[in-house]
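Listed below are the residues making up each chain.
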Amino acid sequence: MEILIPIVITLVGAATPILLAALGELVVEKAGVLNLGVEGMMLVGAIAGFAAQFYTGNPYFALLIGACAGAATSLIFGFLTLSLSANQTATGLALTIFGTGFSALAGAPFSARPIELMRPLFPAELATHPVWRVVFGYSAPVYFSFFMVFAIWYFLKKTRGGLILRAVGENDLSAHSIGYSVKGVRYAAVVFGGAMAGIAGACFPLLLTPQWAERMTAGRGWIAVALVVFASWKPFRLLAGAYLFGLVMTMELYAKAGGGPLSVIPSELWAALPYLATIIVLVLISIRRDASTNAPACLGKPFLPSN
Amino acid sequence: MTLSRRTILKTGAAAAALPLLGSKAFAQAEPLKIGFIYVGSINDNGYNYAHNQGRIYVEEQLGDAVETTYVENVPEGPDCERVLRELAQQGNKLIFATSFGFGDSVIKVAQQFPDVKFEHATGYQKAPNVGLYNARFYEGRAVCGVVAGHLSKTGKAGYIGSFPIPEVVMGINAFVLAARQVNPEFTIKPVYISTWNDPAKEADAARAMIDQGLDVIAQHTDGPAALQVAQERGIVGGFGQGADMSAFAPETQLTSIIDNWGPHYLASAKAVIDGTWTPGDTWEGLKEDVVQIGPYGPKVTEEVKAAAEAMRTGQIDGSVHIFTGPIKDNTGTERVAAGVTMTDAELLSMDWYVEGVEQPA
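Residues numbered from 1 in each chain as written. Chains lettered and ligands numbered in written order. Predicted model: local features only at pLDDT ≥ 70, side-chain atom pairs only at ≥ 80, totals over all residues. Heavy atoms only, no water.

Peer 1: How should I be thinking about the overall build of chain B in this particular structure?
Peer 2: Summing up its helical and strand segments, chain B has 12 helices and 14 strands in all. Taken over C-alpha atoms, the radius of gyration comes to 22 Å for chain B, in line with the 21 Å a tight globule of 361 residues would show. Along the first, second and third principal axes, the C-alpha set of chain B runs to 75 × 40 × 40 Å. Here chain B, with 361 residues, has 57% of them falling under the buried criterion. A fraction of 66% describes how many contacts in chain B between residues 6 or more apart in sequence connect residues 24 or more apart. In the structure as shown, chain B presents an accessible area of about 13900 Å², 52% of it carried by carbon and sulfur atoms. With 28 positive and 43 negative side-chain charges, chain B shows a separation of 4 Å between the mean positions of the two kinds. (Helix = DSSP H or I, 4+ residues; strand = E, 2+ residues; numbered from the N terminus. Rg over C-alpha atoms; globule rule 2.2 N^0.38 Å. Buried < 20%, exposed > 50% of the residue type's maximum accessible area, 1.4 Å probe, protein only. Contact = heavy atoms within 4.5 Å. Areas by Shrake-Rupley, 256 points an atom, 1.4 Å probe, with all protein chains shown as cover. Lys, Arg positive; Asp, Glu negative; His and termini not counted. Charge placed at Lys NZ, Arg CZ, Asp CG, Glu CD.)

Peer 1: Whenever I open this one, the side chain of N48(B) confuses me. Can you help?
Peer 2: Residue position: N48(B) is located in helix α3 (residues 47-62). With sequence-adjacent residues up to four places away left out, N48(B) is seen in contact with Y38(B), V39(B), G40(B), S41(B), I42(B) and D222(B).

Peer 1: Is there a simple way to think about the domain arrangement of chain B in this case?
Peer 2: Note: interface size is frequently given as the accessible area lost on complex formation between the parts. All names here are of chain B. Domain assignment breaks chain B into domain 1 (5-136 + 261-284) and domain 2 (137-258 + 291-348). Centre-to-centre, using C-alpha coordinates, domain 1 lies 30 Å away from domain 2. The interface of domain 1 with domain 2 comprises 17 residues on the first partner and 20 residues on the second. Buried surface at the junction of domain 1 and domain 2, summed over both partners, amounts to about 1500 Å²; 61% is from carbon and sulfur atoms. It is N45, R136 and W283 in domain 1 that bury the most area against domain 2; as a group they hold 43% of the surface buried on that side. Viewed at the interface, domain 2 and domain 1 are joined by 1 salt bridge. Across the pair D344 and R136 runs a salt bridge whose closest N-O atoms are separated by 2.8 Å. Scanning the region where domain 1 abuts domain 2 turns up 4 residue pairs in polar contact (both at pLDDT 80 or more). Looking at the side of domain 1 that touches domain 2, the elements that each hand over two or more residues are α3, β5 (130-135) and β11 (281-284). Per-element tally for the side of domain 1 that touches domain 2: the top contributor is α3, with 4 residues. In terms of residue class, the side of domain 1 that touches domain 2 is made up of 8 nonpolar, 5 polar and 4 charged. (Domains from an automatic or database assignment. Buried area = accessible area lost by both parts, 1.4 Å probe. Salt bridge = Lys/Arg side-chain N within 4 Å of Asp/Glu carboxyl O. Polar contact = N/O pair within 3.5 Å; in protein donor to acceptor, adjacent residues only side chain to side chain. Nonpolar A, V, L, I, M, F, W, Y, C, P; charged D, E, K, R; others polar.)

Peer 1: Is there a simple way to explain the sheet that holds strand β2 (residues 66-71) of chain B in this structure?
Peer 2: Strand pairing in a sheet relies on backbone hydrogen bonds. The paired strands run either parallel or antiparallel. Residues and elements named next belong to chain B. Pairing within the open sheet is parallel, and its 6 strands lie in the order β2-β1-β3-β4-β5-β11. Edge positions in the sheet fall to β2 and β11, since each of these pairs with one other strand and no more. The average undirected angle you get between the axes of adjacent strands in this sheet is 15°. Where strand β4 (residues 117-121) and β5 come together, 4 bridges link them in parallel fashion. Paired with E119 across the bridge in β5 is G131. (Pairing = 2+ DSSP bridges. Axes fitted to C-alpha atoms, helices over the stretch in contact; angles between N-to-C directions.)

Peer 1: Would you mind showing me how to read the packing of helix α3 (residues 59-83) of chain A against helix α4 (residues 88-107) of chain A here?
Peer 2: When two helices pack together, their arrangement is given by the angle between the helix axes and the distance between those axes. Residues and elements named next belong to chain A. Put simply, α3 and α4 touch, their axes get as near as 10 Å, and they point 155° apart. One finds that α3 runs roughly antiparallel with respect to α4. For the element pair α3 and α4, the recorded crossing hand is right-handed. On the side of α3, the interface is formed by T73, I76, F77, L80 and T81, while α4 contributes Q88, T91, G92, L95 and F98. Class assignment of the residues belonging to the contact of α3 with α4 gives a composition of 5 nonpolar, 5 polar and no charged. (Parallel < 35°, antiparallel > 145°, perpendicular 65-115°, else oblique. Left-handed = near helix turned anticlockwise from the far one by under 90°.)

Peer 1: Quick question: what am I supposed to make of the pairing of β4(B) here?
Peer 2: Working note: regular strand, side chains alternate between the two faces of the sheet. Residue and element names in this part refer to chain B. When you tally the buried positions in β4, you get 4 out of 5 residues, the bulk of the element. Pairing analysis gives 4 bridges linking strand β3 (residues 94-97) to β4, with the strands arranged parallel. Bridging across to β4, F96 finds its partner in E119.

Peer 1: Would you explain the sheet that holds strand β9 (residues 237-242) of chain B in this entry?
Peer 2: All names here are of chain B. Read across the sheet, 6 strands follow the order β7-β6-β8-β9-β10-β12 without closing on themselves; strand pairing throughout is mixed. Two strands close off the open sheet at either side, each with one partner strand: β7 (187-192) and β12 (291-293). Neighbour-to-neighbour, the strand axes of this sheet turn through a mean angle of 20°, independent of strand direction. Across 5 bridges, the pairing between β9 and strand β10 (residues 253-259) is parallel. Note on β10: the bridge partner recorded for G242 is I258. Sitting on the sheet, helix α6 (residues 137-151) is in contact with β6 (156-161), β8 (216-220), β9, β10 and β12, with an inclination near 175° to β10.

Peer 1: Can you help me understand the environment of G201(A) in this one?
Peer 2: All names here are of chain A. On the secondary structure map, G201 appears in helix α9 (residues 182-208). What makes G201 buried here is its relative accessible area of 0%. Distance in space between the C-alpha atoms of G201 and L43 is 5.7 Å, their sequence separation being 158 residues. Those residues in contact with G201 that lie beyond four places of it in its chain are M42, G45 and A46.

Peer 1: Would you mind going over the pattern of salt bridges with me for this structure?
Peer 2: Under the defined criterion, the tally for this structure stands at 18 salt bridges over all chains. Here D329(B) and R335(B) are joined by a salt bridge, their closest N and O atoms 2.9 Å apart. Overall, D329(B) belongs to the buried group, its relative accessible area being 5%. Salt bridges sharing common partners tie together E252(A), K256(A) and K201(B).

What follows is the structure in structure tokens.
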């Protein structure tokens, strides 16, 4: 049972970037915009965060720079889809390709350069006992991701701003006709989503593997996009979903490396579980009608008030 | 030949390279165009980096007589076929496909371009214009195995692999055979992660191993992520793969296997220029300097270093072949009789693990 504690710690590391990126995408989609460029924004955030950490050694500054870089990348998407009404799906895919290429170009001088990992937020004395290590042993982005789950839930459910954002996502013409700036709200959401993706990307070099490697997010941006649907646009379900995916990804490796009780379930099954889980959840969603209607009604549609 | 200014310039350039090339090159007006495709990034500090260093070496040695192009991050699959075709259409007369999974695509495209010479690394399918080249990485793995056998305190190592292909299986087996010569109780746990390049997953695999008592980690993926975790957790050590990775783990990298493809690429390029190229099937190792052992880390004592060097020089002078029987597989069945050395063909289709390898889950 001692092995459970390191498993949890590894699992939290695997789940945090996915959760952060998915939370950002959730807000974007709630405003009616589908941004498939999460993977690209994460990569730009990763190289920006890496470079900031490399030059300053201040991981908080690096996270900030990662957020800014992600937000700046998302503005490209915002300008094309919101100001020019370009197709959101195609633009999002293009953004991922752009982010992959741009980060590779910007990162070329940084290969073979290790950086310092971000330290845990709390003093080491709090985390000496293994059980307390599970609670206090992480660095700031982990606690930030939990805080953001709550904050986004509160914002969307309980505040006026959240109501406006949801209105824009559900019925943009109505929101427009009663005087809300659909474009303004959507721009804000897109930039927020970009910043969250940027932080998620910066977590890779700062928390997981202190180096720059091309495509180091390795498809986790796509998992984040899928998780939003998986969680039927609900922040707490998103939290559960991200940790389920993190658990499965981690357990696959621990089962393969460990043998003994952990390998009772074959690692192939662990590897297949995320996909099985996605199918099961999609089936459940379609059985429970109320959940399927949770998709924002204007998701992915360009806003063209003059038509 | 009409003499334009450009031709004169080019001939002049070829003449400048004359001492390196021999007389035939003098007639060569056009530089030989050579294409390379890599499965990952040239900045991975490992496998693909090493291939690209080989390309740069050819350019340095042959100068204006060659013109090289490379395409990185080429996925193993249909996309690879497209890239190969493009390179052939662009006039590359010699194309190196540097990853195992490119094999089928190389054979297909080679049929469409019979006048283009292809060379496929670590593969097994030949054709009249497709040669094979490979490196005996397992010789380097054996040297690493000696170091691991001496230094591991738990006697258990982890081995992060990409896919269970003969290339990887052979490396694991060589590592264990060498380690068990030192410590007969030594065991290894292979973990396959189904990718060549996913640093976060490599790092998590290393964490999973260290958390479960493995204190030496070797990897056969393309980057240094696992080594960094080894350094961070302060375990006994790990090994650089493809290139010296000591920048990422100065205390923890015990040694590294360095791929040195340059001499092979140079020989092939010269053969094409001279018109003597034939589809080869080379498999070179420590002796030919295609596989090198990097500097030993600070934890490697003089005694261990001497043992590792003995393994290295033994393989160079031919007195040691790590796949010499008796070898049992991991179910206890004897696969290679005492005194018999496995043939290259047997090695290249190796799909079983030697004693000491825990069957991968």
